[in-house]
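Listed below are the residues making up each chain.
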Amino acid sequence: MPDSPGSNDKLKLEDVSVADPASVRRAVGAAAVGNITEWYDFGVYGYLATTITKVFFSGLPPAMGTIATFGVFAVSFLIRPFGSLFFGPLGDRIGRKKVLSLTVIMMAAGTFVIGVVPSYAQIGVAAPLLVLLARLLQGVSTGGEYGNAMTFIAEYAPDKRRGFLGSWLEFGTLTGYAFGATIATVLSAVLTTDQLVSWGWRLPFLLALPLGAVGLYLRLRLEETPAFAHMVEKQKLEQQPKKSEFKSVFVDYWPVMLVCAGLVLAWNVTNYMLTSYLPTYLTETLPEHGHTGTGETASEVLQIVTLVVLMVVITFLGRLSDKIGRRKVVLAGCLALIVLSFPSVLLLRVGGDAPTLIGLLIMGLTLICFSAVLPSTLPAMFPTFIRAGGLSIAFNISVSLFGGTTSTVMSALVTATGDLNWPAYYLIAAGVIGAISIMLTRETANKPLDGSAPIVESREEAKELVAQQS
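Keep in mind that this is a model prediction, so the values were computed, not measured. (Residues numbered from 1 in each chain as written. Predicted model: local features only at pLDDT ≥ 70, side-chain atom pairs only at ≥ 80, totals over all residues. Heavy atoms only, no water.)

Before we move on, could you go through the packing of helix 15 (residues 326-350) against helix 16 (residues 353-371) and cite the residues and values that matter?
In a packed pair of helices, the relevant descriptors are the angle between the two axes and the axis-to-axis distance. Contact geometry of helix 15 with helix 16 gives a least axis separation of 8 Å together with a crossing angle of 165°. The angle between helix 15 and helix 16 falls in the class roughly antiparallel. The hand of the helix 15/helix 16 crossing is left-handed. When helix 15 is examined against helix 16, the residues Val329, Val330, Gly333, Cys334, Ala336, Leu337, Leu340, Ser344, Leu347, Leu348 and Val350 are found in contact with a partner set consisting of Pro355, Thr356, Ile358, Gly359, Leu360, Ile362, Met363, Thr366, Cys369 and Phe370. (Axes fitted to C-alpha atoms, helices over the stretch in contact; angles between N-to-C directions. Helix = DSSP H or I, 4+ residues; strand = E, 2+ residues; numbered from the N terminus. Parallel < 35°, antiparallel > 145°, perpendicular 65-115°, else oblique. Left-handed = near helix turned anticlockwise from the far one by under 90°. Contact = heavy atoms within 4.5 Å.)

Quick one: what's the story with helix 16, residue by residue and with numbers?
A rise of 1.5 Å per residue sets the reference length of helix 16, with its 19 residues, at 27 Å; its end C-alpha atoms lie 26 Å apart and thus fit the reference within 8%. All of the buried residues in helix 16 are Thr356, Gly359, Leu360, Leu361, Met363, Gly364, Thr366, Leu367, Ile368, Cys369, Phe370 and Ser371. Against helix 7 (162-190), helix 13 (254-288), helix 14 (296-324), helix 15, helix 17 (374-377) and helix 20 (422-439) lie the buried residues of helix 16. (Expected span 1.5 Å × (residues − 1). Buried < 20%, exposed > 50% of the residue type's maximum accessible area, 1.4 Å probe, protein only.)

Tell me about the state of the cysteines, and please be specific about residues and values.
With the rule as written, the count across this model stands at zero disulfides. Of all cysteine sulfurs, the one in Cys334 lies closest to Cys260, which takes part in no disulfide; the gap is 14 Å. Here Cys369 is not cross-linked by a disulfide; its sulfur's nearest cysteine counterpart is in Cys334, at 8.8 Å. (Disulfide = S-S within 2.5 Å.)

Give a description of the nonpolar core that names residues and reports values.
Phe56 and Leu378 are the most contacted members of the largest nonpolar core, which has 109 residues in total. In this structure, Leu378 is in contact with Met150, Cys260, Leu263, Val264, Trp267, Leu391 and Phe395, ignoring residues within four places of it in sequence. Formed by six residues, the second largest nonpolar core is a distinct cluster that contains Leu11, Val456, Ala462 and Leu465. (Core = buried A, V, L, I, M, F, W, Y, C linked by side-chain atoms within 4.5 Å.)

Which residues make up helix 19 (residues 406-417), and what values go with them?
Its 12 residues place the ends of helix 19 16 Å apart at the C-alpha level, agreeing with the 16 Å of an ideal helix rising 1.5 Å per residue. If you check which residues of helix 19 are buried, you get Thr406, Ser407, Met410 and Val414. Projected down its long axis, helix 19 shows its buried positions confined to an angular sector of 95°, all on one face. Every exposed residue of helix 19 that faces more than 90 degrees away from the buried side is listed here: Thr408, Thr415 and Ala416. Where helix 19 is buried, its residues meet helix 13, helix 18 (387-403) and helix 20. Note on helix 19: the residue one or two positions beyond its end, Gly418, has a positive phi of about 75°. (Arc of directions from axis to C-beta.)

Report on a nonpolar patch on the surface, specifying residues and quantitative values.
Together, Leu335, Ile338, Val339, Leu340, Val432, Ile436 and Leu440 line one region of the surface with nonpolar side chains, adding up to about 610 Å² of accessible area. Looking at the nonpolar patch, the elements that each hand over two or more residues are helix 15 and helix 20. Counting residues per element, the nonpolar patch draws most heavily on helix 15, at four residues. As for its placement among the helices and strands, Val339 is situated in helix 15. (Patch = residues over 30% accessible without salt bridge, like charges linked within 9 Å, V, L, I, M, F, W, Y side chains within 5 Å. Areas by Shrake-Rupley, 256 points an atom, 1.4 Å probe, with all protein chains shown as cover. Salt bridge = Lys/Arg side-chain N within 4 Å of Asp/Glu carboxyl O.)

Tell me about the side chain of Thr384, and please be specific about residues and values.
With respect to the secondary-structure elements, Thr384 resides in the loop between helix 17 and helix 18. Of the polar contacts made by the side chain of Thr384, one reaches the backbone oxygen of Asp450; its length is 3.4 Å. In contact with Thr384, not counting residues within four places along its chain, are Asp92, Arg96, Glu155, Ala227, Phe228, Met231, Asp450, Gly451 and Ser452. (Polar contact = N/O pair within 3.5 Å; in protein donor to acceptor, adjacent residues only side chain to side chain.)

Tell me about the pattern of salt bridges, residues and numbers included.
Counted according to the given criterion, the structure contains eight salt bridges. A salt bridge links Arg135 to Asp41; its shortest N-O distance comes to 2.7 Å. Of the two residues, Arg135 sits in helix 6 (residues 126-156) while Asp41 sits in helix 1 (residues 21-47), which places them 94 residues apart along the sequence. Judged by relative accessible area, Arg135 falls into the buried class, the value being 3%. When its relative accessible area of 5% is taken as the criterion, Asp41 is described as buried. The partner of Glu155 in a salt bridge is Arg387, and the shortest N-O contact between them spans 2.7 Å. Of the two residues, Glu155 is situated in helix 6 and Arg387 in helix 18; the sequence distance between them amounts to 232 residues. The exposure classification of Glu155 matches that of Arg387, with both residues buried. What you see here is one network of salt bridges that share partners, running through Asp92, Arg96, Glu155 and Arg387.

Kindly report on empty space enclosed by the protein, identifying the contributing residues and their values.
Picture a little ball the size of a water molecule; that probe, rolled over the atoms, points out where space is still empty. Taken as a whole and judged by the stated rule, the model has four cavities of 30 Å³ or more. Here the largest cavity defines a volume of roughly 160 Å³. Residue assignment for the lining of the largest cavity shows that the elements contributing at least two residues are helix 1, helix 3 (62-94), helix 4 (96-116) and helix 6. When residues in the lining of the largest cavity are grouped by element, the largest group, five residues, is from helix 1. When its residues are assigned to classes, the lining of the largest cavity shows six nonpolar, six polar and four charged. What the second largest cavity holds in volume is close to 90 Å³. The wall of the second largest cavity is formed by Glu38, Trp39, Arg80, Tyr146, Glu170, Thr173, Trp267, Asn268, Asn271, Tyr272 and Phe395. Elements that contribute at least two residues to the lining of the second largest cavity include exactly helix 1, helix 7 and helix 13. (1 Å grid on protein atoms, 1.4 Å probe; cavity = no way out; pocket = protein on both sides within 12 Å on 5 of 7 lines; lining within 4 Å. Points joined across faces, edges and corners; volume = space filled by probe spheres on them. Nonpolar A, V, L, I, M, F, W, Y, C, P; charged D, E, K, R; others polar.)

The values are spatial; any link to function lies outside them.
Encoded structure:
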């Protein structure tokens, strides 16, 4: 599969790659499973945080134990850029498939280890230290997982369906989080507090290992992406010297990295505001400031309902981006952040199940304008030889600095100022940054990836494409 022809080259039939439908389906499924594993852990840990505090931080005062629990959770975000610096470029050197096979089992192993660590009452301070090590393992592996997964799907997908197929990656995210949150909610409802603390909380963590095994099995069955395989073959035939990836990323492509980071900021501030901070905002922050708030069980159920709605809608939005373009959908999400963040937060402050659900849905539907489209937009910003590395590094630095810190920053700002509208201010600022970034991004819908030949779904479509460009 040759490189995409230059502007002065005549496209030939042999220049066009025809996607195998079965291989594409397997690639999408295998990539999505990794996201299910990652976000399953996120849902389980977040929803069982109170129980985890009692198990691993019982030697601390309750308030300090809660801070320690979320501090250990935050560590995995802080370490992600280091994982991206290693696993991202590694995917460009040895292949996306090999890295994805390694990261999925590392993520699952980290979650499983948390489920078997003895409690603080049994082994003392060694317990939270082991949990910390498990979270570090997860953070490092996650740093290389998502950038390679986006790259993997983008390089397999036909050009006209890249938006639709890329949206399934975030369908996996929503599935994993909803699955983990549902299991944690059910366990909390059917078990007594003593049962949950003594053994019940471990069950969902232990389930991560078979999930990871399924992901590993699916990924090992796949071939390397056509774009990467061609790049390797071309380097062998032409005996091209290997370029310095870090130099290319940080010297030649720094403007692209900044734009990519800006898009990721808008996406992940919205993401972590909805999934990480709002449960605390609804159940603790609002009541502490004299508002009705939402009960813990009701909040959990409303969050799960919101996630299920997003799961239904997200792939349709991905398909829409193939028809009208990525930039329009992402820009709509940015404008929604700017215009609708205040109304959604005010609805949450009103209290009651119906207003709360509407507020969550407004924020959630804004979120999937990014989640459905950016998995196909971001990989197209980089050429093949640095795609996994450049994307992983930009993505994870932005997530670590802005996404993963959203809950901490919101808690600090609301506490310091007493202003309950800070989530809206923060989302509006994210929307402005996202809008500027998407305006600086070229449209890539229905176009080949940089450095890759056109990918179509049939031989007939390939002939039509060649005829059109002759």
